[in-house]
Amino acid sequence: MDVIADMFARMKNAIQRKRDFVDVPHSKLKQNILELLKQEGYIQGYEILEDEAHKKGNQPTIRIHLKYLDNRKTKSAIENIERVSKPGRRMYKPIKKIPHVRRGLGLAIVSCDAGIVSDAEARKLRKGGEIIAYVY
């Protein structure tokens, strides 16, 4: 199963239900993606919950605090988040072909040798890589 697509689906479902947070299983890749989303302003933040199950050898949980643009939670900061590169079909792009999501108003999450970076950061570093997702 694709753990990144699972995290995105949980986030979309929580946004539709107007939840304040959503819990997902922890991995370093997910944590790096969430750090980028936090830096870009798409989520309020995240925290790693270590409970009794974690002490027994299970993996910890990440609690993602979603961001809404109004008090009534009618408009989320994330309009859509879609997985591009999948386990069955990886999508790699050179620096000149990294897309501008929504003409620069969105975000492409890129995995390169410098780590998980945004499309603008990848262009600044002059590095291509795997396009993980589009966020807008």
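Residues numbered from 1 in each chain as written. Predicted model: local features only at pLDDT ≥ 70, side-chain atom pairs only at ≥ 80, totals over all residues. Heavy atoms only, no water.

1. A closer look at the sheet that holds strand S2 (residues 43–49)
Taken together, the three strands give an open sheet; going across it, the order is S1-S3-S2, and neighbouring strands pair in antiparallel fashion. Each having just a single partner strand, strand S1 (21–25) and S2 make up the two edges of the open sheet. Averaged over neighbouring strand pairs, the angle between their axes works out to 25 degrees when direction is ignored. Bridge count for S2 against strand S3 (residues 61–66) is six bridges, and the pairing is antiparallel. Of the residues in S3, the one forming a bridge with Ile-43 is Leu-66. Across the sheet, helix H1 (residues 3–16) lies against S1, S2 and S3, angled at about 165 degrees from S1, the strand it touches most. This element, helix H2 (residues 28–40), spans S1, S2 and S3 of the sheet and lies at about 150 degrees to S2. (Pairing = 2+ DSSP bridges. Helix = DSSP H or I, 4+ residues; strand = E, 2+ residues; numbered from the N terminus. Axes fitted to C-alpha atoms, helices over the stretch in contact; angles between N-to-C directions. Contact = heavy atoms within 4.5 Å.)

2. With respect to the environment of Gly-104
Within the secondary structure, Gly-104 sits in the loop between strand S5 (92–93) and strand S6 (107–112). Measuring from C-alpha to C-alpha, the distance between Gly-104 and Ala-77 comes to 16 Å, with 27 residues separating the pair along the chain.

3. Some thoughts on the pattern of salt bridges
Using the criterion set out here, one finds 10 salt bridges in the structure. Of the charged contacts in the structure, one is a salt bridge between Asp-6 and Arg-10, with a shortest N-O distance of 3.2 Å. Within this pair, Asp-6 and its partner Arg-10 are both found in helix H1, separated by four residues, close to a single helical turn. Under the relative-accessibility criterion, Arg-10 is labelled partly exposed at 32%. We note a salt bridge from Asp-20 to Lys-73, for which the minimum N-O separation is 2.4 Å. (Salt bridge = Lys/Arg side-chain N within 4 Å of Asp/Glu carboxyl O. Buried < 20%, exposed > 50% of the residue type's maximum accessible area, 1.4 Å probe, protein only.)

4. So, the pairing of S6
By the criterion of burial, S6 is predominantly enclosed, with five of the six residues buried. As defined by bridge partners, S6 adjoins strand S7 (residues 115–118) across four bridges and the pair is classed as antiparallel. For Cys-112, the partnering residue across the bridge sits in S7 and is Gly-115. Between S6 and S7, which pair antiparallel and follow one another directly, the connecting turn spans two residues.

5. Brief notes about the pairing of strand S8 (residues 129–135)
Along a regular strand, successive side chains alternate from one face of the sheet to the other. Counting buried positions along S8 yields six of seven residues, so the element is predominantly enclosed. In this sheet, S8 lies alongside strand S4 (residues 81–83) in antiparallel orientation, the contact comprising three bridges. From the neighbouring strand, Arg-83 faces S8, where its bridge partner is Ala-133. With five bridges joining them, S6 and S8 adopt antiparallel strand pairing. Bridged to Ser-111 within S8 is Glu-130.

6. Overview of the side chain of Ser-85
Structurally, Ser-85 can be placed in the loop between S4 and S5. Once residues within four sequence positions are removed from consideration, Ser-85 is found in contact with Arg-90, Met-91, Glu-130, Ile-131 and Ile-132.

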